[in-house]
Amino acid sequence: MTEAPVIEAIDLRKGFNGREVLRGLSFAVPKGVRLVIMGGSGAGKTVCLRLIAGLLRPDAGQVRVFGRNIERLSEEALLPIRRRMGYVFQGAALFDSLTVYDNVAYALHEHTSLAESVVADRVRHLLSLVGLEAEAQWKLPGELSGGMRKRAGIARALAIEPEVMLFDEPTAGLDPTNSKMVAELIAKLGTGVCDTAVVVTHDIELANTVADRVAILIDGRFAATGTPEQVRSSRDPAVQAFLTGEAR
Ligand SMILES: Nc1ncnc2c1ncn2[C@@H]1O[C@H](COP(=O)(O)OP(=O)(O)OP(=O)(O)O)[C@@H](O)[C@H]1O
Ligand SMILES: [Mg+2]
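Calculation notes
Residues numbered from 1 in each chain as written. Chains lettered and ligands numbered in written order. Predicted model: local features only at pLDDT ≥ 70, side-chain atom pairs only at ≥ 80, totals over all residues. Heavy atoms only, no water. Helix = DSSP H or I, 4+ residues; strand = E, 2+ residues; numbered from the N terminus. Polar contact = N/O pair within 3.5 Å; in protein donor to acceptor, adjacent residues only side chain to side chain. Contact = heavy atoms within 4.5 Å. Salt bridge = Lys/Arg side-chain N within 4 Å of Asp/Glu carboxyl O. Buried < 20%, exposed > 50% of the residue type's maximum accessible area, 1.4 Å probe, protein only. Pairing = 2+ DSSP bridges. Donors = N, O, S within 2.8 Å, 3.2 Å for Na, K, Ca; no water. 1 Å grid on protein atoms, 1.4 Å probe; cavity = no way out; pocket = protein on both sides within 12 Å on 5 of 7 lines; lining within 4 Å. Points joined across faces, edges and corners; volume = space filled by probe spheres on them. Nonpolar A, V, L, I, M, F, W, Y, C, P; charged D, E, K, R; others polar. Near = heavy atom within 4 Å. Axes fitted to C-alpha atoms, helices over the stretch in contact; angles between N-to-C directions.

(A) Spotlight on the side chain of aspartate 203. With respect to the helices and strands, aspartate 203 occurs in the loop between β8 (197-201) and α7 (204-210). A distance of 3.0 Å separates a polar side-chain atom of aspartate 203 from the backbone nitrogen of glutamate 205. Apart from the residues lying within four places of it in its own chain, the contact partners of aspartate 203 are Met38, Thr171 and Ser179.

(B) Inspection of the pattern of salt bridges at higher detail. With the rule as written, the count across this model stands at 11 salt bridges. For the salt bridge of arginine 64 with glutamate 8, the shortest nitrogen-to-oxygen distance reads 3.4 Å. Linking arginine 64 in strand β4 (residues 60-65) with glutamate 8 in strand β1 (residues 7-16), this pair joins segments that are 56 residues apart in sequence. By relative accessible area, glutamate 8 is classed as partly exposed at 21%. Several salt bridges converge on common partners, so that one network encompasses Asp11, Arg13 and Glu20.

(C) Just the pairing of strand β10 (residues 221-226), in detail. The sheet contact formed by strand β9 (residues 213-218) and β10 spans five bridges and is antiparallel. Directly across from isoleucine 218, in β10, lies its bridge partner arginine 221.

(D) Local environment of the coordination of the magnesium ion (ligand 2). Taken together, the protein donors to the magnesium ion (ligand 2) comprise Thr46 (OG1) and Gln90 (OE1), at separations of 2.0 to 2.4 Å. Separated by 44 residues along the polypeptide, threonine 46 in helix α1 (residues 45-52) and glutamine 90 in the loop between β6 (85-88) and α3 (100-111) bring together distant segments of the chain. Classification of threonine 46 by relative accessible area gives partly exposed; the value is 27%.

(E) Representation of the layout of surface pockets. In this structure, the largest pocket encloses a volume near 510 Å³. Lining the largest pocket are 20 residues, and of these Arg82, Met85, Phe89, Ala107 and His111 lie nearest its centre. Put simply, the parts of the chain that give the lining of the largest pocket at least two residues each are α2 (75-82), β6, α3 and α5 (146-158). Residue classes in the lining of the largest pocket are distributed as 12 nonpolar, four polar and four charged. Put simply, the second largest pocket is a space of about 160 Å³.

(F) Here's a closer look at the site of ligand 1. Around ligand 1, a shell composed of 13 residues is seen, among which Arg19, Ser41, Gly42, Lys45 and Thr46 lie nearest. Within the backbone of glycine 42, a nitrogen or oxygen atom sits 2.8 Å from an oxygen atom of ligand 1. At a separation of 3.5 Å, an oxygen atom of ligand 1 approaches a polar side-chain atom of glutamate 169. Elements that contribute at least two residues to the shell around ligand 1 include exactly β2 (19-29) and α1. Per-element accounting of the shell around ligand 1 gives the leading share, three residues, to α1. Partitioning the shell around ligand 1 into residue classes produces four nonpolar, six polar and three charged.

(G) Expanded view of the sheet that holds strand β7 (residues 164-168). In space, the six strands of this open sheet follow the order β6-β7-β8-β3-β9-β10, with mixed pairing throughout. The open sheet terminates on both sides in strands that have one partner only, identified here as β6 and β10. Averaged over all pairs of adjacent strands, the angle between strand axes in this sheet comes to 15°, irrespective of strand direction. The pairing of β7 with β8 spans four bridges and is classified as parallel. Within β8, the residue paired with aspartate 168 across the bridge is valine 200. Each of β6 and β7 touches α5; the most contacted strand, β6, lies at about 160° to it.

Remember that the coordinates give geometry; whether it matters functionally is a separate question.
What follows is the structure, encoded as structure tokens:
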């Protein structure tokens, strides 16, 4: 028997105030695969991630995570499932009044009873993994550059040793050098840290660096899905307009 996909969406639909944003999305993310969902601003990329994390409920369709349907689970039943997912929110979303150390250690302090020396070792390890110097742990988010904040957000999401990472626009607002560094970091995590991920973005360079598979979200549906090469050779004019930047 083959292993169930880590994430599976079946005919997902979600709308707000009578307007359908997602109009029947189906996809599967097997273990070891990084899926990049691309789409323009307002296409529904963040909605898609929030549905996967159980932070929103679909109007119709199913979301299966780790082989379990989550669309009707209570908040309480969702918690242990969410703790197996690392969510890097759009804009990094660190707690501004907490040091980098307390941000990265946050989930460990909340959900484990690890000794502080163990937490401190884990924080140091995570910071070095994402390319931040140990001194950064004593800083407040406001004292970091945008690129460093993104790295700290990734370290925080990794703290729980997730089985899947969800990245929302991890390169948004970064200059090309920092974007490239974050893209390379995400690709590096695939080797030994967390090999399964969903990345939502409108950054084609990021997709080219990290994607095993790409899905392009246009008008609430996937207009193209497949390997980056397959998607690039799509004959759909809307997909080509998106890829050449006309529709971004
Ligand atoms: N909680 C909500 N209540 C009402 N409307 C919402 C809500 N969340 C999302 N929407 C609407 O759904 C649509 C898709 O939003 P979403 O945030 O998923 O876009 P996105 O693809 O992530 O865009 P961006 O690239 O700008 O982040 C938008 O029109 C948005 O206004
Ligand atoms: Mg978004």
